[in-house]
Amino acid sequence: MTSLGPIEAAPLVDPFQRSIDYLRVSVTDRCDFRCVYCMSENMTFLPKKELLTLEELDRMCSTFVRLGVKKLRITGGEPLVRRDIMTFFRGMTRHLESGALRELTVTTNGSQLKRFAGDLHAAGVRRINVSLDTLDEAKFARITRWGRLPQVLDGIDAAQAAGLRVKINTVALKGFNEDELFTLIDWCASRDMDLTFIEVMPMGDLGGEDRLDQYWPLSDLRARIGERHAMVELAERSGGPARYVRLDTRQKIGFITPLTHNFCESCNRVRLTCTGELYMCLGQEDMADLRAPLRASNDDALLEDAIRAAIARKPKGHDFDYSRQRADGQVSRHMSHTGG
Ligand code: SAM
Ligand code: SF4
């Protein structure tokens, strides 16, 4: 069997007629931070041999691109701590240049941006997401355990100077950053950055940190913004669980609310872990091992078959539910495993 070329390959469509054209790829499970809602302090990381090599990551992503994936988001763990990761980014440039790939982007904690912003731009990245929950140095150190705010702010400066458009992602945490709602909004406006709030999700073992205690519903956050700003809903859809409004200041604010609302019907994405497991839904345990078919032959036919079989199993949606005051539908893996 030989793999189909770019013209013959049928696009990926799941059983609910959703076109799958967005792949999020976790390139490492490691991170230089230990955010309390994401990792425990003492994480055991995977042995190196479990990880897809940079060449395997290239082959994997290139196969998805051949099957119609138009947008690649590189995430982790912290993607920019993976050794030689720029080699991988530079490899993906060819798909941008051929027009097969529309967007190559990255979600990062910002710690390594000072070093890599220019290289990312040179590889064809134009927009990035930087995760930042607070502008207070002491609170930043508390929530990330190991992070330093000035390093991230320098990284954001470097990204903007390199010509990258920056969107800030902020996890809404009750009793932690509620008081910074408008500080964050105004700071983003002053730097011409969009801002998206994310509801904390029940990922990983809860350990001493109870995700329910941290849960700040975005419906409440949004109502508070509404007390100060007029806002209009935007029709814009990313195929994910994000909804956007525009404030009277022209600023765009996003809300990712997988818990208070469920937008699975328009889901266009799947997620690949750094070991080559494909999760068809962030909130479900089912996954397909793509590393075995990838390693079984140099031909991509086995891999293509495995990808199609996985997409044919994509579930209708997740089962996260806090409404019964328990973290129902919780999945046991950490966000850094599947890639946020
Ligand atoms: N290290 C990079 C970063 O922090 O942007 C990329 C990976 S991180 C897992 C991706 C996103 O997931 C971050 O914006 C982070 O805030 C978010 N995240 C992690 N754990 C979460 C949780 N339990 N609930 C909601 N968002 C979470
Ligand atoms: Fe690292 Fe990102 Fe998880 Fe924080 S959210 S621990 S930066 S992977």
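Engineer: Which parts of the structure should I look at to understand helix α3 (residues 113–122)?
Structural biologist: Side chains of residues three or four places apart in an α-helix project in the same direction, reflecting 3.6 residues per turn. Along α3, the residues that are buried comprise L113, F116, A117 and L120. Here the buried residues of α3 occupy an arc of 130° about the axis, which is enough to place them on one side. Exposed side of α3, more than 90 degrees from the buried face: K114, R115 and A122 are the residues found there. Contact partners of the buried residues in α3: α2 (85–98), β3 (103–108), β4 (127–131) and α5 (149–161). Note on α3: the residue one or two positions beyond its end, G124, has a positive phi of about 110°.

Engineer: Can you walk me through the site of ligand 2 in this structure?
Structural biologist: Near ligand 2 you find C31, F33, C35, C38, M39, G77 and N109, and these make up its full shell. For the shell around ligand 2, the per-class residue count stands at 5 nonpolar, 2 polar and no charged.

Engineer: Looking at this model, I keep getting lost on the site of ligand 1. Mind explaining?
Structural biologist: Neighbouring residues of ligand 1: 17 residues in total, closest Y37, G77, E78, S131 and M201. A distance of 3.0 Å separates a nitrogen atom of ligand 1 from a polar atom in the backbone of G77. Here S131 contributes a side-chain N or O atom positioned 2.5 Å from an oxygen atom of ligand 1. Against a free-state accessible area of 540 Å², the protein chains account for coverage of 95% of ligand 1. Classifying every residue of the shell around ligand 1 gives 7 nonpolar, 8 polar and 2 charged.

Engineer: What's the story with the pairing of strand β9 (residues 252–256) in this structure? I'm lost.
Structural biologist: Regular strands place their side chains on alternate faces of the sheet. Burial analysis of β9 places 5 of its 5 residues in the buried class, the great majority of the element. Burial of the side chains of β9 extends over both faces: K252, G254 and I256 are buried on one face and I253 and F255 on the other. In this structure, strand β6 (residues 194–199) lies alongside β9, joined through 4 bridges in parallel fashion. Note on β9: the bridge partner recorded for T196 is G254. Inspection of the sheet shows strand β8 (residues 242–247) paired to β9 by 5 bridges, in the antiparallel sense. For Y244, the partnering residue across the bridge sits in β9 and is G254.

Engineer: What is the right way to look at the nonpolar core in this model?
Structural biologist: One broad trend across soluble globular proteins is that nonpolar side chains are buried collectively. Among the nonpolar cores identified, the biggest contains 96 residues, and L23, F64, F89, I168, F197 and L278 are the most heavily contacted of them. Setting aside residues no more than four positions away along its own chain, L278 makes contact with L23, F64, V270, R271, L272, D286, M287, A288, L290, A310 and I311.

Engineer: Any chance you could explain the side chain of S111 here in plain terms?
Structural biologist: Its place among the elements puts S111 in the loop between β3 and α3. Exposure remark for S111: the relative accessible area of 6% places this residue in the buried category. At 3.1 Å, the side chain of S111 and the side chain of Q112 are in polar contact.

Reading the values: the criteria
Residues numbered from 1 in each chain as written. Chains lettered and ligands numbered in written order. Predicted model: local features only at pLDDT ≥ 70, side-chain atom pairs only at ≥ 80, totals over all residues. Heavy atoms only, no water. Buried < 20%, exposed > 50% of the residue type's maximum accessible area, 1.4 Å probe, protein only. Helix = DSSP H or I, 4+ residues; strand = E, 2+ residues; numbered from the N terminus. Arc of directions from axis to C-beta. Contact = heavy atoms within 4.5 Å. Near = heavy atom within 4 Å. Nonpolar A, V, L, I, M, F, W, Y, C, P; charged D, E, K, R; others polar. Polar contact = N/O pair within 3.5 Å; in protein donor to acceptor, adjacent residues only side chain to side chain. Areas by Shrake-Rupley, 256 points an atom, 1.4 Å probe, with all protein chains shown as cover. Pairing = 2+ DSSP bridges. Core = buried A, V, L, I, M, F, W, Y, C linked by side-chain atoms within 4.5 Å.

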